[in-house]
Amino acid sequence: MALTEQEILAGLGKIINEITGIPAAEVTPEKSFVDDLDIDSLSMVEIAVAAQDEFGVEIPDDQLKNLKTVKDVINFIQS
Amino acid sequence: MRQTQGAPGARVLAFGGYQPANVITNEHLAKTMDTSDEWIRSRVGIVERRVAGPEESEVDLAVQAGGKALAASGLSASDIDLVIVATCTLETQIPNAASRVAHRLGIVAPGAFDVNAACAGFCYALAAAADAIRGGSATHVLVVGSEKLSQWVDWTDRTTAVIFGDGAGAAVVGPSDTPGIGPVVWGSVGEKADAIKVKDRNSFLQQEGQAVFRWATTALHPVARRACERAGVRPEDLAAFVPHQANLRIVEAIARKLGAEKAVIAKDIVLSGNTSAASIPLALSRMIERGEVPSGGLALLLGFGAGLTYAGQVIEIP
């Protein structure tokens, strides 16, 4: 069964907290990784790798650069 | 036809390292390109690097490091019968570096060849040296990793210029009754060859940072574990873990996933930058000089870089 947006958001919050130390509660759908959360391109790779382990969806580098917000990642995982 | 058989084992007798005198700080780079000390430290963990001037060649760096290792080994030049130089940044491809390094050090008529496995080159060369000694093709081998990356870097490109440095590291390898250099685990990923490249002889080094970072932080800790397994060593038995100094975040990620709790982790990149094939022997020689690692302890070396290539082995620290 496909995961809900809330389930993916909770998982992403946990992953982002582990990698960057940002509190999971700050990870909300409208946030931009670069502008709002100050996450750099290498941390984005770590997040993509951890998300693959967690959700079983591969996010290749050429797709990763198009994922600007938390919501973009949620949509990518759901699609 | 007869075959030769060499010593039962091989071990590193001594290390030596050398860096050019000129220090380039992050502040200096921030004056010439759009970057900052904070940006460089957070992305790659580098504070400063050394750069050789036009008067100092890649071979000069190799001679300095090789001479130090030879002196520390207690051997003389006449004891060495094979010289291997790992490098990917020679000014020209012909002649090779190893013959010139040998001649400059007074080593007469040794076998002499270069290895290009980029940042993994030192581990490849060390494996070749150990096998040559055990196979009876050599008795004492000088193995050098030497790089003058500064001449292949675009000093206006902030994605590469902040990362690399020049330097050399060397090891003298000799015969041993007991194993002092463990079995190598090596391999390559040719389908990702474009990730780190110099396009042609008039171009500079280019790197797909994210792709390399992803590969390095996901594919290499299993290689590190296999190198331990093949040597019959547990990660928790390691006194030192000396991965290629590519990027501090890569070093820390691999170390974390390897789980070598008691090992001193090499973080020489902070003050040396990424020196490709030189980084492992340079880092380890400095750790030995500072007394951070015990003689007789076990160190896991892990090289990885352009190719993509990788190689790792456990060694006994001299």
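Each chain carries its own residue numbering, running from 1 in the direction its sequence is written. Going through the entries in the order they are written, you letter the chains from A and number the ligands from 1. It should be noted that, the model being predicted, local features are given only for residues of pLDDT at least 70 and side-chain atom pairs only at 80 or more, the latter also being counted only at that level, while totals for whole chains, interfaces and linings use all residues.

## Looking at the interface of chain A and chain B
Piece 1. Residues are defined as contacting one another if the C-beta atoms placed from their backbone atoms lie within 7 Å. Counting residues at the interface gives seven residues for chain A, matched by nine residues for chain B.
Piece 2. Counting residues per element, the side of chain A that touches chain B draws most heavily on helix α2 (residues 41–55) of chain A, which supplies five residues. A helix here means a DSSP run of H or I that spans at least four residues, while a strand means a run of E at least two residues long, and both kinds are numbered starting from the N terminus.

## Things to note about the UniProt feature "domain: Beta-ketoacyl-[acyl-carrier-protein] synthase III C-terminal" (unreviewed entry) in chain B
Piece 1. UniProt positions are given in the numbering used here, feature names are shortened, and annotations may be inferred rather than shown by experiment. Mapped onto this numbering, the UniProt entry gives "domain: Beta-ketoacyl-[acyl-carrier-protein] synthase III C-terminal" (unreviewed entry) at residues 228–317 of chain B.
Piece 2. Strand forms 24% of residues 228–317 of chain B and helix 33%; the C-alpha atoms that close the span are 15 Å apart.

## Describing the packing of α2 of chain A against helix α7 (residues 209–219) of chain B
Piece 1. As a packed pair, α2 of chain A and α7 of chain B sit with axes 10 Å apart at the nearest point and diverge in direction by 50°. Judged by the inter-axis angle, α2 of chain A sits oblique to α7 of chain B. At the point where α2 of chain A passes α7 of chain B, the crossing takes the right-handed sense. In this structure, α2 of chain A contributes Ser41, Leu42, Val45, Glu46 and Val49 of chain A to the contact, and α7 of chain B contributes Gln210, Phe213, Arg214, Thr217 and Thr218 of chain B.
Piece 2. Think of it as three bins: nonpolar holds Ala, Val, Leu, Ile, Met, Phe, Trp, Tyr, Cys and Pro, charged holds Asp, Glu, Lys and Arg, and polar takes everything else, Gly as well. For the contact of α2 of chain A with α7 of chain B, a count of residues per class yields four nonpolar, four polar and two charged. Only the stretch in contact is used when a helix axis is fitted, and all axes are lines through C-alpha atoms; the angle between N-to-C directions ranges over 0 to 180 degrees. In this scheme, roughly parallel covers angles under 35 degrees and roughly antiparallel covers those over 145, while 65 to 115 is roughly perpendicular and the rest are oblique. The sense of a crossing depends on the near helix, which, turned anticlockwise from the far helix by less than a right angle, makes the crossing left-handed and, turned clockwise, makes it right-handed.

## Structural notes on the sheet that holds strand β8 (residues 185–188) of chain B
Within a sheet, adjacent strands bond to each other through the backbone by hydrogen bonds, running parallel or antiparallel.
All names here are of chain B.
Piece 1. Pairing between strands is defined by DSSP: at least two bridges between them are needed. One open sheet holds the five strands; their spatial order is β8-β14-β13-β11-β12, and the pairing between them is mixed. Of all the strands in the sheet, just β8 and β12 (264–265) have a single pairing partner and so form its edges.
Piece 2. Bridging between strand β11 (residues 240–243) and strand β13 (residues 298–305) involves four bridges; their strand directions are parallel. Opposite Val242, over in β13, you have Leu301 as the bridge partner.

## Examining the UniProt feature "modified residue: O-(pantetheine 4'-phosphoryl)serine" (unreviewed entry) in chain A
Piece 1. The positions that UniProt labels "modified residue: O-(pantetheine 4'-phosphoryl)serine" (unreviewed entry) are, in the present scheme, Ser41 of chain A.
Piece 2. Mapped onto the fold, Ser41 of chain A is located in helix α2.

## Considering helix α9 (residues 248–258) of chain B
All names here are of chain B.
Piece 1. Across the eleven residues of α9, eight count as buried, placing the element largely inside the fold.
Piece 2. In this scheme every C-beta is placed from the backbone, and a residue whose C-beta has 20 or more other C-beta atoms within 10 Å is buried, one with 12 or fewer is exposed, and one in between is partly exposed. The complete set of buried residues in α9 reads Leu248, Arg249, Ile250, Val251, Ala253, Ile254, Ala255 and Leu258.
Piece 3. Within two residues after α9, Gly259 carries a phi angle of roughly 75°, on the positive side.

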